[in-house]
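In case you want the letters, here they are:
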Amino acid sequence: MEGPRRILFVCLGNICRSPLAEGVMKARLAASGVDPVEIESAGTGGWHVGAPPDPRAIAAAARRGVDLSALRARQVRRSDFDRFGLILAMDRSNLVNLSRLAPPGCAARIAMITDFAGAGGPDEIDDPYYGGPDGFEATLDTVERCCGALVEAIR
Ligand code: 4NP
């Protein structure tokens, strides 16, 4: 099966969960030797456009060797539905919002990142923004699990 050549990760603010997924996925792909896949992330909301990821996300990723510091938040745009073959939501509300934003007949596959979590895995990634640092570790655990499986699905 030919995998998608462009994947977009989507959360609400694009400063916590989806930048973590972008950073982890880029690192996993680089280490995997599979053909290049373009990876980006975006938010359905526009409050943080232009901002770097949340400092807690940057710190948690750095502890695992992933550098998020150069990322900047952007909002989902209509052209994303043409550019990306696979658009992955972090939680169910992101999925509902994406379905509303998608132009009729768009070819992109819109799904949950946790579709790749495997049996017994979580079915969404909760927003860690209003919680403590532990939430970011839990988010990263799930993101790593899903991205590992996603790389294998592409391979
Ligand atoms: P994210 O987390 O969707 O994982 O980037 C959030 C960041 C900011 C807000 C909500 C969620 N906010 O309401 O500002």
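Before reading further, recall that the structure is shown in the block above.
Here the structure is a predicted model, which is why all the values come from computation and not from measurement.

Enquirer: I tried to follow the site of the ligand on my own but got confused; where do I start?
Expert: Around the ligand, the neighbouring residues are Cys11, Leu12, Gly13, Asn14, Ile15, Cys16, Arg17, His48, Asp127, Tyr129 and Tyr130. Leu12 places a main-chain nitrogen or oxygen 2.9 Å from an oxygen atom of the ligand. His48 places a polar side-chain atom, nitrogen or oxygen, 2.8 Å from an oxygen atom of the ligand. In the complex, the protein chains occlude 92% of the 360 Å² of accessible area that the ligand would expose alone. For the shell around the ligand, the per-class residue count stands at 6 nonpolar, 3 polar and 2 charged.

Enquirer: Explain the sheet that holds strand E4 (residues 109-112) to me, please; I cannot follow it from the model alone.
Expert: By definition, the strands of a sheet pair up through backbone hydrogen bonds, in either a parallel or an antiparallel sense. Taken together, 4 strands build an open sheet; the order of strands is E2-E1-E3-E4 and the sheet is parallel. Looking at which strands have only one partner, the edges of the open sheet turn out to be strand E2 (38-43) and E4. Strand-to-strand twist in this sheet, taken as the mean axis angle between neighbours without regard to direction, amounts to 25°. Where strand E1 (residues 6-11) meets strand E3 (residues 86-89), 4 bridges bridge the pair, whose relative direction is parallel. Bridging across to E3, Ile7 finds its partner in Leu86. Set on the sheet, helix H5 (residues 133-154) makes contact with E1 and E3; between it and E1 the angle comes to about 155°.

So, how was this worked out
- Residues numbered from 1 in each chain as written.
- Predicted model: local features only at pLDDT ≥ 70, side-chain atom pairs only at ≥ 80, totals over all residues.
- Heavy atoms only, no water.
- Near = heavy atom within 4 Å.
- Polar contact = N/O pair within 3.5 Å; in protein donor to acceptor, adjacent residues only side chain to side chain.
- Areas by Shrake-Rupley, 256 points an atom, 1.4 Å probe, with all protein chains shown as cover.
- Nonpolar A, V, L, I, M, F, W, Y, C, P; charged D, E, K, R; others polar.
- Pairing = 2+ DSSP bridges.
- Helix = DSSP H or I, 4+ residues; strand = E, 2+ residues; numbered from the N terminus.
- Axes fitted to C-alpha atoms, helices over the stretch in contact; angles between N-to-C directions.
- Contact = heavy atoms within 4.5 Å.

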